[in-house]
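Now for the letters of each chain:
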Protein chains: 2
Amino acid sequence: MARVYNFSAGPGMLPEEVLKQAAAELLDYKGSGMSVMEMSHRSSWYEEIQKKAESTLRDIMHIPDNYKVLFLQGGAHLQFSMIPLNLKNNGKADYLITGNWAKKACQEAKKYVDVNIVASSEDKTFSYVPKYDESSLSSDADYFHITTNNTVYGTRIRQKDIVCLDNVPLVADMSSNILSEVYDVSKFGVIYAGAQKNMGPAGVTIVIIREDLVKEVDPQIPTMLKYKTHADNGSLYNTPPCYSIYICGLVFEWVKKNGGVEALQKINEEKAQLLYDFIDNSKLFKGTVERYDRSIMNVNFVTGSEELDKKFIKEAAERGIVNIKGYRTVGGMRASIYNAMPIEGVKALVEFMKEFELKNS
Amino acid sequence: MARVYNFSAGPGMLPEEVLKQAAAELLDYKGSGMSVMEMSHRSSWYEEIQKKAESTLRDIMHIPDNYKVLFLQGGAHLQFSMIPLNLKNNGKADYLITGNWAKKACQEAKKYVDVNIVASSEDKTFSYVPKYDESSLSSDADYFHITTNNTVYGTRIRQKDIVCLDNVPLVADMSSNILSEVYDVSKFGVIYAGAQKNMGPAGVTIVIIREDLVKEVDPQIPTMLKYKTHADNGSLYNTPPCYSIYICGLVFEWVKKNGGVEALQKINEEKAQLLYDFIDNSKLFKGTVERYDRSIMNVNFVTGSEELDKKFIKEAAERGIVNIKGYRTVGGMRASIYNAMPIEGVKALVEFMKEFELKNS
């Protein structure tokens with residue numbers, strides 16, 4: 001078996017250790033005589049798995065006790081609707097537009113609330129994170145929505161650069177950088193993330209929500225779209241995506257064993273630095289976004305020639321460096337270096353970039 | 001490794017063959033160098049998996065070309081909302097109330113349409129399928145909703161006993177008996193089913209919908225809740241629950257290899273007959289529903305003594321006959337004998353029932 005270095009933007013690489021454990025337990029979970037896929041979600045076996053997943057996540061993210069952790073379905077996309085439907089009060093919301101998904105989240109919200117665009121970097125194809133100050137924020141907004149990492153364009157917002165108002169809940173889509181760097185959960189009203197980048201297989205969405213934001217809402221809202229439905233039932237109102245939650249749990253334990261988010265952040269910064277340093281010194285490859293705003297999860301770069309980009313992607317794949325093609329609407333290359341990408345993978349990529357540059361410039 | 005006979009009502013048993021293949025491919029799918037869990041949903045590897053799953057399902061269910069097959073999230077519960085939200089036109093719908101889930105589906109629909117209860121068996125705790133005729137159906141209903149198998153109480157409706165109107169789309173929740181007996185898809189407007197009983201792991205919901213019912217709907221409906229969103233994008237509007245779909249695909253192939261739904265129906269009838277025959281001749285055990293309406297998937301029975309029921313469940317578990325406890329609000333025993341339960345499992349259960357009866361009566 002030869003595993004490749006998979007730079008896919010998501011679903012992406014998972015820790016090999018986790019996959020090995022999943023394979024070993026697939027037909028018989030810890031002597032239960034059954035697969036986790038076959039377990040009743042009301043069984044003590046499964047309840048234990050979900051509880052452990054939640055408590056490990058609470059541990060590694062330092063989630064305060066007054067926050068609920070929900071395991072939902074429908075991806076970040078369904079959250080784009082659930083956020084305004086559940087947080088709507090004054091009927092106004094602030095959005096910071098830093099990429100494709102931020103824009104989609106905002107478009108969906110417009111169906112339910114009046115949206116104020118705090119700032120947008122669309123003028124320069126989202127190649128930077130726009131600056132804004134408190135004067136752009138609405139003091140009567142029901143929430144302020146940001147996207148902490150922009151998967152498509154490769155930018156991110158650090159905790160320390162988030163400007164927000166004390167009385168307006170901060171809502172963050174962290175789909176592509178949850179668990180990769182430290183964010184202070186207590187500063188947020190809601191954090192949500194699809195699992196398929198840093199947590200587990202596609203099909204489960206984590207929602208971390210401050211308890212006072214879990215409210216009775218308009219009864220016309222579909223039952224499955226109310227946070228209260230899931231919060232009141234410990235994410236067991238209906239059958240949850242049990243197997244995906246189990247894998248997430250294994251990944252959370254892997255994070256913990258590797259020193260937690262704090263330790264992974266250091267490794268992630270080192271991995272990203274390796275790539276950005278090479279790009280900055282290269283005559284062939286160029287980065288595509290503002291240096292300060294660079295993501296440590298998604299590293300975008302181009303040669304300037306579509307033909308050379310294609311050649312690079314093809315030859316990289318022949319070496320087991322796969323899924324390095326940029327997003328369909330962007331082009332170029334994108335190396336997604338999530339938590340599970342080992343530093344050896346990044347080194348192999350840099351090595352190949354060096355060789356490619358020598359041969360092609 | 002000792003596998004148990006798992007009579008869980010869902011998530012339930014999966015074919016051992018499927019689990020073995022999944023385990024073998026878990027770290028490296030067919031030489032791709034990655035797990036199916038790690039694959040981009042836009043990769044040709046994954047697209048092939050999803051296409052194959054769909055085409056095999058079309059094959060074994062004989063799904064006509066004018067039907068779409070969708071792979072969605074949120075379980076049957078989310079369908080309870082999606083059905084009225086998407087099919088609403090005159091604002092009226094007919095519901096046949098044959099169990100807990102039928103009732104829940106109906107309650108959710110009441111938010112969006114005027115509901116006509118065609119018939120209900122709630123008067124006798126859903127222990128039968130109520131008779132009704134065309135006069136109880138509304139000719140101007142947007143659809144008529146039935147539940148073909150009632151997991152909790154253990155009744156089912158055969159195709160030949162479904163009375164419906166030609167011009168009103170028939171909508172069926174088949175969560176607990178899809179692929180277990182033959183239904184003629186062309187008679188239905190929509191068939192939906194959570195995967196976790198006869199198809200695969202929890203977290204994917206199959207929707208089979210006649211193309212003319214996939215329409216532009218009220219723009220206020222969340223994008224993710226419109227069938228059109230998913231139908232127009234081949235269930236790839238956003239990241240689908242890829243790994244669960246992959247397992248479903250393996251199960252569909254297993255069904256096909258075993259002679260299709262037609263062959264499985266015969267085996268299922270034989271399995272159910274073994275159990276019902278024993279119950280009917282037993283002095284200790286009694287069935288709980290009308291004979292004609294008995295499910296071939298969920299077999300409910302009681303001893304008449306709560307204490308003996310408990311003892312039975314406990315001693316059965318010690319023999320590797322597990323999850324045989326009845327639904328929390330019903331009590332007694334329920335043996336769910338889905339497609340993946342081998343006849344040996346049913347024989348082992350009957351053997352144990354015999355022994356238990358001898359010792360305890």
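Residues numbered from 1 in each chain as written. Chains lettered and ligands numbered in written order. Predicted model: local features only at pLDDT ≥ 70, side-chain atom pairs only at ≥ 80, totals over all residues. Heavy atoms only, no water.

Remarks on the overall build of chain A
For step 1, the next point in the chain: Scanning chain A for helices and strands turns up nine helices and 14 strands.
For step 2, the next point in the chain: Dimensions along the principal axes, computed over C-alpha positions, put chain A at roughly 65 × 60 × 30 Å.
For step 3, the next point in the chain: Counting across all 361 residues of chain A, residues that qualify as buried make up 65%.
For step 4, the next point in the chain: Expressed as a percentage of contacts within chain A between residues at least 6 apart in sequence, the contacts between residues at least 24 apart total 68%. (Helix = DSSP H or I, 4+ residues; strand = E, 2+ residues; numbered from the N terminus. Buried < 20%, exposed > 50% of the residue type's maximum accessible area, 1.4 Å probe, protein only. Contact = heavy atoms within 4.5 Å.)

Points about the relation of the copies chain A and chain B
For step 1, the next point in the chain: For the pair chain A and chain B, the superposition axis carries a translation of 0.0 Å, the fit reaches an RMSD of 0.0 Å, and the rotation angle comes to 180°. The transformation relating the two chain copies, once decomposed into turn and shift, fits a two-fold axis. Judged by C-alpha distance, A:Ala23 is the residue of chain A that lies nearest the rotation axis, at 2.5 Å. (Least-squares fit on C-alpha atoms with pLDDT ≥ 70 in both.)

Describing the sheet that holds strand E11 (residues 286-287) of chain A
Residues and elements named next belong to chain A.
For step 1, the next point in the chain: Reading across the sheet, the three strands line up as E11-E12-E14 and stay open at both edges, with antiparallel pairing between neighbours. Looking at the sheet topology across the chains shown, the edges are occupied by E11 and strand E14 (333-336).
For step 2, the next point in the chain: In terms of strand pairing, E11 meets strand E12 (residues 298-302) through two bridges, oriented antiparallel. The residue bridging Lys286 from the neighbouring strand is Val302, located in E12.
For step 3, the next point in the chain: Of the strands in this sheet, E11, E12 and E14 are in contact with helix H7 (residues 260-281), which crosses E12 at around 15°. (Pairing = 2+ DSSP bridges. Axes fitted to C-alpha atoms, helices over the stretch in contact; angles between N-to-C directions.)

Structural notes on the nonpolar core
In summary, soluble globular proteins display a tendency toward joint burial of nonpolar side chains.
For step 1, the next point in the chain: Core analysis: the largest hydrophobic core is formed by 132 residues, its most contacted members being A:Leu179, A:Tyr243, B:Leu179 and B:Tyr243.
For step 2, the next point in the chain: The contacts of A:Leu179, once residues within four sequence positions are left out, are A:Leu57, A:Ile60, A:Met61, A:Asn198, A:Met199, A:Phe252, A:Val255, A:Val261, A:Leu264 and A:Asn339.
For step 3, the next point in the chain: Counting residues in each nonpolar core, the second largest holds 70 residues, with A:Tyr192, B:Leu87, B:Val171 and B:Leu213 among its members. (Core = buried A, V, L, I, M, F, W, Y, C linked by side-chain atoms within 4.5 Å.)

Some points on the domain arrangement of chain A
Residue and element names in this part refer to chain A.
For step 1, the next point in the chain: When cut into domains, chain A gives domain 1 (16-257) and domain 2 (259-360).
For step 2, the next point in the chain: Once you take the C-alpha centre of each, domain 1 and domain 2 turn out to be 27 Å apart.
For step 3, the next point in the chain: Taken together, the contact pairs 30 residues of domain 1 with 26 residues of domain 2.
For step 4, the next point in the chain: The junction of domain 1 with domain 2 conceals about 2,400 Å² of combined surface from both sides, 50% of it contributed by carbon and sulfur atoms.
For step 5, the next point in the chain: Three residues stand out in domain 1 for area buried against domain 2, namely Val152, Arg156 and Ser180, and they jointly supply 19% of the buried area on that side.
For step 6, the next point in the chain: Counting across the interface, domain 1 meets domain 2 through zero salt bridges.
For step 7, the next point in the chain: Applying the counting criterion to the domain 1 and domain 2 interface returns 21 residue pairs in polar contact (both at pLDDT 80 or more).
For step 8, the next point in the chain: Those elements that place two or more of their residues in the side of domain 1 that touches domain 2 are helix H4 (100-109), strand E6 (149-150), strand E7 (155-156) and helix H6 (242-257). (Domains from an automatic or database assignment. Buried area = accessible area lost by both parts, 1.4 Å probe. Salt bridge = Lys/Arg side-chain N within 4 Å of Asp/Glu carboxyl O. Polar contact = N/O pair within 3.5 Å; in protein donor to acceptor, adjacent residues only side chain to side chain.)

Here's the deal with empty space enclosed by the protein
Residue and element names in this part refer to chain A.
For step 1, the next point in the chain: In total, this model carries five cavities of 30 Å³ or more according to the counting rule given.
For step 2, the next point in the chain: Computed from the structure, the largest cavity encloses a volume of approximately 120 Å³.
For step 3, the next point in the chain: Forming the boundary of the largest cavity are 16 residues, of which Leu72, Gln73, Met224, His230 and Asn238 lie nearest the centre.
For step 4, the next point in the chain: Elements represented by at least two residues in the lining of the largest cavity include exactly strand E2 (67-72) and helix H3 (75-87).
For step 5, the next point in the chain: Per-class residue counts for the lining of the largest cavity are eleven nonpolar, five polar and no charged. (1 Å grid on protein atoms, 1.4 Å probe; cavity = no way out; pocket = protein on both sides within 12 Å on 5 of 7 lines; lining within 4 Å. Points joined across faces, edges and corners; volume = space filled by probe spheres on them. Nonpolar A, V, L, I, M, F, W, Y, C, P; charged D, E, K, R; others polar.)

A few points about the environment of B:Pro130
For step 1, the next point in the chain: By secondary structure assignment, the location of B:Pro130 is in the loop between strand E4 (114-120) and strand E5 (143-147).
For step 2, the next point in the chain: Residues in contact with B:Pro130, not counting those within four places in the same chain, are B:Leu96, B:Ile97, B:Thr98, B:Ala119, B:Ser120 and B:Ser121.

Thoughts on the sheet that holds strand E10 (residues 205-210) of chain B
All names here are of chain B.
For step 1, the next point in the chain: Taken in spatial order, the seven strands of this open sheet run E2-E10-E9-E8-E5-E3-E4, and their pairing is mixed. With one partner strand each, in any of the chains shown, strand E2 (67-72) and E4 form the two edges of the open sheet. Across the sheet, the axes of successive neighbouring strands diverge by a mean angle of 15°, strand direction being ignored.
For step 2, the next point in the chain: Note: E5 against strand E8 (residues 170-173), four bridges, orientation parallel. Within E8, the position partnered with Ile146 by the bridge is Ala172.
For step 3, the next point in the chain: Packed onto the sheet, helix H4 (residues 100-109) meets strand E3 (92-97), E4, E5, E8 and strand E9 (190-194) and runs at close to 160° relative to E3.

So, the packing of aromatic side chains
For step 1, the next point in the chain: Scanning the entire structure with this criterion turns up 35 aromatic pairs over all chains.
For step 2, the next point in the chain: Here the aromatic rings of B:Tyr243 and B:Tyr246 are separated by 5.2 Å at their centres, their planes lie at 50°, and the arrangement is tilted. Of this pair, B:Tyr243 and B:Tyr246 both sit in helix H6 (residues 242-257), separated by three residues, roughly a single helical turn.
For step 3, the next point in the chain: Centre to centre, the rings of B:Phe278 and B:Phe285 are 6.4 Å apart; their planes meet at 50°, and the pair counts as tilted.
For step 4, the next point in the chain: On the accessibility criterion, B:Phe278 (12% relative accessible area) is buried.
For step 5, the next point in the chain: When its relative accessible area of 1% is taken as the criterion, B:Phe285 is described as buried.
For step 6, the next point in the chain: One aromatic cluster is present, built from ring pairs that chain together A:Tyr29, A:Trp45, A:Tyr243, A:Tyr246, B:Tyr29, B:Trp45, B:Tyr243 and B:Tyr246.
For step 7, the next point in the chain: Above the plane of the ring of A:Tyr292 lies A:Arg158, whose end atom (NZ or CZ) is 4.1 Å from the centre. (Phe/Tyr/Trp six-rings, centres within 6.5 Å; stacked < 30°, edge-to-face > 60°. Lys NZ or Arg CZ within 6 Å of the ring centre and 35° of its normal.)

Considerations on the pattern of salt bridges
Residues and elements named next belong to chain A.
For step 1, the next point in the chain: Under the defined criterion, the tally for this structure stands at 40 salt bridges over all chains.
For step 2, the next point in the chain: Here Lys228 ties to Asp232 by a salt bridge, and the two come within 2.7 Å at their closest N and O atoms. Placement of the pair is Lys228 and Asp232 together in helix H5 (residues 227-232), with a separation of four residues, close to one helical turn.
For step 3, the next point in the chain: You can call Lys228 partly exposed: its relative accessible area is 22%.

Concerning the interface of chain A and chain B
For step 1, the next point in the chain: Taken together, the 63 residues of chain A in the interface contact 63 residues of chain B.
For step 2, the next point in the chain: Of all residues in chain A, the largest losses of buried area upon contact with chain B belong to A:Leu27, A:Met37 and A:Glu38, amounting jointly to 15% of the total for that side.
For step 3, the next point in the chain: If you look at where chain A meets chain B, you find two salt bridges.
For step 4, the next point in the chain: Our enumeration of links across chain A and chain B arrives at 30 residue pairs in polar contact (both at pLDDT 80 or more).
For step 5, the next point in the chain: Within the residue set of the side of chain A that touches chain B, elements represented by two or more residues are helix H1 (16-24), H3, H4 and H6 of chain A.

A few points about the side chain of A:Asn238
For step 1, the next point in the chain: With respect to the element layout, A:Asn238 can be found in the loop between H5 and H6.
For step 2, the next point in the chain: At 3.4 Å, the side chain of A:Asn238 forms a polar contact with the backbone oxygen of B:Gly74.
For step 3, the next point in the chain: Aside from chain neighbours lying at most four places away, what touches A:Asn238 is A:His41, A:Met224, B:Gly74, B:Gly75 and B:His77.

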